[in-house]
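Tertiary structure, described
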Amino acid sequence: MRTPWRISGFIAAAIASLVIASGTSVAPAQAEEEARPDPLLAFNHAWAMVDRETADAIEHSEYLGEFADRRINTGNDGSSTWTGRYLLGKETYLEFFGPGDAPDAVAGDTGLAVSADNDGDLAIATDNLHKLGVDPVEFTQVTDLGDGNPIPWFDVTYTTATYDTFFSWAMEYRDEFLGDPRLTFPPPAYEGDVSRDRYNRDRYLDHQMRDVIGIQIATTAADIDKMVPLWRAAGITIRTLKDGGVLAFDGMTTIRLLPVPAEKAGVRHVILALNEAAEEPHTETIGNSTLHVGPGAYALWTFDPIEAGATARSKGPGKPLHPAFGG
């Protein structure tokens, strides 16, 4: 079930600063409709293709390995493989790739998943998409656990098969995957438990990072128009900003999409909740990014813009990538 997390003034101010920096004067999305019921789907994870230096630093940083539950995993769906660097929280996580780690992606590409915590909620959100006049793509993602026999992993819905730099999808973990004895997931905490909390386990308790509660991604206006209807169908609070971007809020995580030309796309900022307040503020350089931990029980991770020219595509518009379904 969703953690009853409320964002402090520090984080609200940080998110507001992202909005102000974009030239708008709109308050954070969570300031609106506080009494609104929980959405059907909520932020699950985001992935980003960063430059090689930053990807390597994320993988090898001694500090980051202490700060978060970091995993280096190679995914395999039976036809393609991808290698990602995962930072896992209680209900949410981050996934990073460097050039060559994932098929077809280039530096500056990003993705974001929203998911159901209750069995059947994805189907309701998908039906809502139809009511909004969108004919979504639906399929079941599989994974190979090493025996050459792919098994169902999670069900997927998304609005379009092409994008410029940013791809968002909705997902719901399959009961048979979470219950597979080879994977040792905990038993369901309630009837229909297909939650992010169950999937991520409790390894975050041994580290500072708890969850992703804010993220800013720069992408094209066309991508924003294509992807946001999915969040609207999921019951996530959406606010359109004066610059054409959006703020989206699911009750815990605020998502900021900033409209830019494709060559300036990429992840910009991530706000993290910690398990407890940092005793001393700390700043860590991680490749071409900077992680500010504290003061208080929060951290702000800022990424330098991708070097000009590094985001140029050689194969035209993007398409749904396997790393978007990594985990």
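Residues numbered from 1 in each chain as written. Predicted model: local features only at pLDDT ≥ 70, side-chain atom pairs only at ≥ 80, totals over all residues. Heavy atoms only, no water.

1. Focus: the overall build of the chain
The test is simple: The secondary structure listing takes helices from DSSP runs of H or I that are at least 4 residues long and strands from runs of E that are at least 2 residues long, numbered from the N terminus. Any residue under 20% of the maximum accessible area for its type is buried, any over 50% is exposed, and the rest in between are partly exposed; the area is computed with a 1.4 Å probe on protein chains only. Note on contacts: a residue pair qualifies if any of its non-hydrogen atoms lie within 4.5 Å across the two residues. Methods summary: accessible areas were calculated by the Shrake-Rupley approach with a probe of 1.4 Å, and residue burial reflects only the protein chains presented.
Broken down by element type, the chain carries seven helices and 16 strands. Per-residue burial for the chain yields a buried fraction of 55% across its 327 residues. The long-range fraction of contacts in the chain, counting pairs at least 24 apart against all pairs at least 6 apart in sequence, stands at 72%. When the accessible surface of the chain is split by element, carbon and sulfur atoms take 52% of a total near 13000 Å².

2. Examining the sheet that holds strand 16 (residues 296-303)
Under the convention used in this document: Note on pairing: DSSP must find at least two bridges between two strands before they are called paired. Only the contacting stretch of a helix is used when fitting its axis, a line to C-alpha atoms as for every element, and angles between N-to-C directions run 0 to 180 degrees.
Overall, mixed pairing links the eight strands, which are arranged 10-11-12-9-13-16-15-14 in an open sheet. A single partner strand is all that each edge strand has here, and the edge strands are strand 10 (237-240) and strand 14 (282-285). Within the sheet, the average angular offset between the axes of one strand and its neighbour, ignoring direction, is 15°. Of the strand pairs in this sheet, strand 15 (residues 289-293) and strand 16 are connected by five bridges, and their pairing is antiparallel. Bridge assignment links L291 to a residue of strand 16, and that residue is W301. Sheet strands touched by helix 7 (residues 221-233): strand 9 (209-219), strand 10, strand 11 (246-249) and strand 12 (254-259). Its angle to strand 12, the strand with the most contacts, is close to 155°.

3. Digging into the packing of aromatic side chains
Applicable threshold: Note on aromatic pairs: the rings of Phe, Tyr and Trp (six-membered ring only in Trp) are paired at centre separations within 6.5 Å, and the planes decide the class, stacked below 30 degrees, edge-to-face beyond 60, tilted for the rest. Here, a charge over a ring means that NZ of Lys or CZ of Arg falls within 6 Å of the ring centre while also lying within 35 degrees of the ring normal.
A complete count under the given rule lists 18 aromatic pairs for this structure. When the ring of W153 is compared with that of F177, the centres are 5.9 Å apart and the planes differ by 35°; the resulting orientation is tilted. With a gap of 24 residues between them, W153 in strand 7 (residues 151-158) and F177 in helix 5 (residues 175-178) connect regions that are remote in the sequence. An angle of 50° between the planes, with centres 5.5 Å apart, marks the rings of F177 and F185 as tilted. By relative accessible area, which is 5% here, F177 ends up buried. Accessibility expressed as a relative area gives 13% for F185, which makes it buried. The structure contains a cluster of three or more aromatic residues connected by ring pairs, namely W153, F154, Y173, F177, F185 and Y199. The ring of F185 is capped by R201, whose NZ or CZ atom sits 4.1 Å from the centre of that ring.

4. A look at the confidence of the model for the chain
What counts is decided by this rule: Per-residue confidence from the predictor is reported as pLDDT, a score between 0 and 100.
In the predicted model, the chain carries a mean pLDDT of 85, and 80% of its residues have values of at least 70. In the predicted structure, residues 1-11 sits below a pLDDT of 50 and forms 36 contacts with residues beyond four places in sequence or in another chain. This model gives residues 322-327 a pLDDT under 50, and the stretch forms 35 contacts once residues within four places in sequence are excluded.

5. Quick word on helix 4 (residues 121-131)
Three or four residues apart is the spacing at which side chains of an α-helix point the same way, because the helix has 3.6 residues per turn. In plain terms, the rule: Each direction from the helix axis to a C-beta atom contributes to the arc, which is the arc of those directions.
D121, L122, A125, T126 and L129 are the residues of helix 4 that are buried. Buried positions in helix 4, seen along its axis, are confined to an arc of 140° and lie on one side of it. Along helix 4, the residues that are exposed and aim more than 90 degrees away from the buried face are A123 and K131. Of the surrounding elements, those touching the buried residues of helix 4 are strand 1 (41-49), strand 5 (110-116), strand 6 (137-143), strand 7, strand 8 (166-173) and helix 7. In the stretch just after helix 4, G133 is the one whose phi turns positive, near 85°.

6. Section: unusual backbone geometry
Following G294, the chain continues into P295 via a peptide bond in cis, with omega recorded as 0°. Inspection of the secondary structure assignment puts P295 in the loop between strand 15 and strand 16. Despite not being glycine, R201 has its phi angle at roughly 65°, a positive value. Relative to the elements of secondary structure, R201 occurs in the loop between helix 6 (196-200) and strand 9.

7. Focus: the packing of helix 4 against helix 7
For clarity, the threshold we go by: Convention used here: angles under 35 degrees read as roughly parallel, angles over 145 as roughly antiparallel, angles from 65 to 115 as roughly perpendicular, and any remaining angle as oblique. Helix crossings get a hand from a simple test, with the near helix turned counterclockwise from the far one by less than a right angle marking a left-handed crossing and a clockwise turn marking a right-handed one. When residues are grouped by polarity, Ala, Val, Leu, Ile, Met, Phe, Trp, Tyr, Cys and Pro land in nonpolar, Asp, Glu, Lys and Arg in charged, and all others, Gly among them, in polar.
Contact geometry of helix 4 with helix 7 gives a least axis separation of 8 Å together with a crossing angle of 125°. Between helix 4 and helix 7, the interaxial angle falls into the category oblique. Here the hand of the crossing between helix 4 and helix 7 comes out right-handed. Contacts from A125, N128 and L129 of helix 4 reach helix 7 at P229, L230 and A233. Tallied by class, the residues present in the contact of helix 4 with helix 7 amount to five nonpolar, one polar and no charged.

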